Structures are given as C-alpha cells and as structure tokens.
Amino acid sequence: MNQSEWLEKYFEKVANSSEEGQAAVMFVKQNQVKVGMKRARKSVGAFWALNRKFYLNSFYYSMESSLENPRAWTLFVHEVHHLKQGFKTAMSVYGELDAWQVEFRLFKKLTSQTLKPELEELLTLPLDFDRNNLRRARNLMTKFAGFWYGAWILPLYPIDKEIKFLFTRKT
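Residues numbered from 1 in each chain as written. Predicted model: local features only at pLDDT ≥ 70, side-chain atom pairs only at ≥ 80, totals over all residues. Heavy atoms only, no water.

**As for the pattern of salt bridges**
So, point 1. Under the counting rule described, the total for this entry stands at 7 salt bridges.
So, point 2. Close ionic contact of E103 with R71 constitutes a salt bridge, the shortest N to O distance being 2.8 Å. One end of the pair, E103, is in helix α6 (residues 93-111); the other, R71, is in helix α4 (residues 70-85), and 32 residues separate them in sequence.
So, point 3. Taking relative accessible area as the criterion, E103 reaches 2% and is therefore assigned buried.
So, point 4. Taking relative accessible area as the criterion, R71 reaches 23% and is therefore assigned partly exposed.
So, point 5. Its salt-bridge partner being R131, residue E162 comes within 2.9 Å of it at the nearest N-O pair. With E162 in helix α9 (residues 159-168) and R131 in helix α8 (residues 131-145), the pair connects residues that are 31 residues apart, well separated along the chain. Comparing E162 with R131, the two get one shared label, buried. (Salt bridge = Lys/Arg side-chain N within 4 Å of Asp/Glu carboxyl O. Helix = DSSP H or I, 4+ residues; strand = E, 2+ residues; numbered from the N terminus. Buried < 20%, exposed > 50% of the residue type's maximum accessible area, 1.4 Å probe, protein only.)

**Here's the deal with the packing of aromatic side chains**
So, point 1. Within this structure, the stated rule accounts for 17 aromatic pairs.
So, point 2. Both rings, one in Y94 and one in F129, keep their centres 4.3 Å apart while their planes meet at 15 degrees; by these two values the pair is stacked. In this pair, Y94 sits in helix α6 while F129 sits in the loop between α7 (117-124) and α8, placing the two residues 35 residues apart along the sequence.
So, point 3. Under the relative-accessibility criterion, Y94 is labelled buried at 15%.
So, point 4. For F129, a relative accessible area of 29% gives the class partly exposed.
So, point 5. Aromatic pair F104 and F144: ring centres 5.8 Å apart, planes at 80 degrees, arrangement edge-to-face. Here F104 is found in helix α6, whereas its partner F144 is found in helix α8, with 40 residues between them in sequence.
So, point 6. Cluster of aromatic residues (ring-pair linked, three or more members): W6, Y10, F11, F54 and F76.
So, point 7. Over the face of the ring belonging to Y55 we find K38, whose NZ or CZ atom lies 5.2 Å from the ring centre. (Phe/Tyr/Trp six-rings, centres within 6.5 Å; stacked < 30°, edge-to-face > 60°. Lys NZ or Arg CZ within 6 Å of the ring centre and 35° of its normal.)

**Considering the side chain of D98**
So, point 1. Tracing the backbone through its elements, the reader meets D98 in helix α6.
So, point 2. Buried charge D98 goes without a salt bridge, the closest partner of opposite sign being R105 at 6.7 Å.
So, point 3. A distance of 3.1 Å separates polar atoms of two side chains, one belonging to D98 and the other to Q85.
So, point 4. What D98 contacts, discounting residues up to four positions off in sequence, is H81, Q85 and L127. (Lys, Arg positive; Asp, Glu negative; His and termini not counted. Polar contact = N/O pair within 3.5 Å; in protein donor to acceptor, adjacent residues only side chain to side chain. Contact = heavy atoms within 4.5 Å.)

**Let's talk about the sheet that holds strand β2 (residues 46-49)**
So, point 1. Taken together, the 3 strands give an open sheet; going across it, the order is β1-β3-β2, and neighbouring strands pair in mixed fashion. Two strands lie at the open edges of the sheet, namely β1 (34-38) and β2, each paired on one side alone. Direction aside, neighbouring strands of the sheet carry axes that sit 25 degrees apart on average.
So, point 2. Pairing geometry for β1 and strand β3 (residues 53-57), over 5 bridges, is parallel. Bridged to G36 within β3 is Y55.
So, point 3. Strands in contact with helix α1 (residues 3-17) are β1 and β3; relative to β1, the strand with the most contacts, it is inclined by about 110 degrees. (Pairing = 2+ DSSP bridges. Axes fitted to C-alpha atoms, helices over the stretch in contact; angles between N-to-C directions.)

Written out as structure tokens, the structure reads:
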C-alpha cells in the first residue's frame, strides 16, 4: 500500500471511529496538515511538528496496524488537539493534561477497556490551573510514559502564563 492509499484509509478509520475522530480529520484536511509515519523515541506514540505535520511513531505502528488499532486513532485525535491548542498551550503540562484526557476518554469509549491506574486517575483530574493538580498530572504522565516522554521539562502553564506567574505568583 502506498502513502496516499494508506492516508485515505487511515482518515476513514479515524473519522468513522467517533465524532472526535471526524472533527480531527476535518481539521487536518482544512488546515493542510501533512500526516505520515516516522520513527521516534520509544516514549512517544505519535508527535506533531511546528510545520503542520503529524507523525505516528513507526516504532509502534505500520500502515497496516494503524488501520486496525484504536490507539493509533486516539493518538491522532490527541496530536490534532495539540495543533488546535496552539504552540504555547500544547507545550505545557496543562496542554498535555487536556490532550491526554481527550485521548484516553476516547480510547475507553472505543474499547470499553479499563486503563492502567495512573491513566484512570489522570482522567479524574480537573482541567484547571491549580499547580498541585498539574504537578500530579505530570507525575502520572511520567509514571505511564516514562522519563523520556519529557513531561518534566514542560512548564505547568502555557509559557506566557508561566512567566506571569513567576513574576506575580498569580494565575
């Protein structure tokens, strides 16, 4: 199967999986986001780039497996959610918590599976700017995805809000 055949089938699978999937595919098409596969470090299932690109990690997914694996579809929704958030929010623990909750709520809906305890707890956290809450989210992400996922390096808030907090101690 070539890239364009795979992409058409992948979009169809993601869009048919859920309303969230349909909205993500529509966003990608409307914003001309390039989608492909690329090998990355083991701690990520997929990733986005500033130049409007989305990649599934070819360490975990092939063209064929991505068409049958609901995690490949929910990762797409997760990464597109980051593209919608914008760089400043996406590159924060707050943005990650938002995207992880979107991804894993959808994964549970599609599979009816019980998730690992750290993910189940992550889904119970409020999406807010409480620093203790965001620290807990970061710890849960690291426990699930490992140190090299890199959540520890992200600011808790989007960078403009983080800088404001550092100077004013107000959210």
